[in-house]
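For reference, the chains in residue letters:
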Amino acid sequence: MGRRRSFDVDETVEAAADLFARRAYDGVSIDDLVTRLGVHRNSLYGVFGSKRGLYLAALRRHIEQDVRPHLARAAQSEHLPAWDFLLVAAVDRAPYDPEVAGLVSSVLAEVDEATGDPRATEVLLGRWLRARPQAVRHGEAADVPTIREAPETATVKEN
């Protein structure tokens, strides 16, 4: 008989989503996940199959819990969606991973549909990009490093 799982899968996926949002896929190693999540390597592989499997679980969780519940409010001018991980996934993984591209594309289409405006995602993206540096300046996002500022073992490809 196998050993009982000694970690909460939902908490692990949530913490992984935060880590992937901060550092992007290639900036997070399995060692980073093991250290930051406090989960044994074999347990991660046993539950998620691979780093990509955990990434997809984290992206799905982000979409279901952080993006979709707020679609109705997306058209409000004061609303700033919690899109950090979604946008990182769109830029970082979607060009190379058809499954990630499908997830990102479908949720962006849902935003347009929920608002009744085919350009809603463009407007919201612009709003998010303009507010991000301002939030950092005012300390609201100071604890969230950008991908280039990721600490320790993060590796970022320079073009």
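Conventions used here
Residues numbered from 1 in each chain as written. Predicted model: local features only at pLDDT ≥ 70, side-chain atom pairs only at ≥ 80, totals over all residues. Heavy atoms only, no water. Helix = DSSP H or I, 4+ residues; strand = E, 2+ residues; numbered from the N terminus. Polar contact = N/O pair within 3.5 Å; in protein donor to acceptor, adjacent residues only side chain to side chain. pLDDT = per-residue confidence, 0-100. Contact = heavy atoms within 4.5 Å. Phe/Tyr/Trp six-rings, centres within 6.5 Å; stacked < 30°, edge-to-face > 60°. Buried < 20%, exposed > 50% of the residue type's maximum accessible area, 1.4 Å probe, protein only. Lys NZ or Arg CZ within 6 Å of the ring centre and 35° of its normal.

1. Looking at the environment of Arg22
Part 1 of the reasoning: For Arg22, the position within the fold is in helix H1 (residues 9-23).
Part 2 of the reasoning: With 66 residues separating them along the chain, Arg22 and Val88 place their C-alpha atoms 8.5 Å apart.
Part 3 of the reasoning: Among the polar contacts made by the side chain of Arg22, one reaches the side chain of Asp18 at a distance of 2.9 Å.

2. A word on the confidence of the model for the chain
Part 1 of the reasoning: Mean pLDDT for the chain: 78, with 74% of residues reaching 70 or above.
Part 2 of the reasoning: Element-level mean pLDDT values for the chain span from 70 in helix H7 (residues 120-137) up to 95 in helix H4 (residues 51-67).
Part 3 of the reasoning: Here residues 136-159 is modelled with pLDDT under 50, and outside its nearest four sequence neighbours on either side it reaches 32 contacts, counting other chains as well.

3. Structural notes on the packing of aromatic side chains
Part 1 of the reasoning: Counted by the stated rule, this structure contains five aromatic pairs.
Part 2 of the reasoning: Relative to Tyr55, the ring of Phe20 has its centre 4.9 Å away and its plane inclined at 80°; by these criteria the two rings are edge-to-face. Pair noted here: Phe20 is in helix H1 and Tyr55 is in helix H4, with a separation of 35 residues, a long-range link. Across the pair, exposure class does not vary: Phe20 and Tyr55 are buried alike.
Part 3 of the reasoning: Members of the aromatic cluster, connected to one another through ring pairs, are Phe20, Tyr25, Tyr55 and Phe85.
Part 4 of the reasoning: In this structure, Lys51 packs its charged tip against the face of Tyr25, placed 4.1 Å from the ring centre.
Part 5 of the reasoning: Just above the ring of Tyr25 sits the side chain of Arg93; from NZ or CZ to the centre is 4.1 Å.

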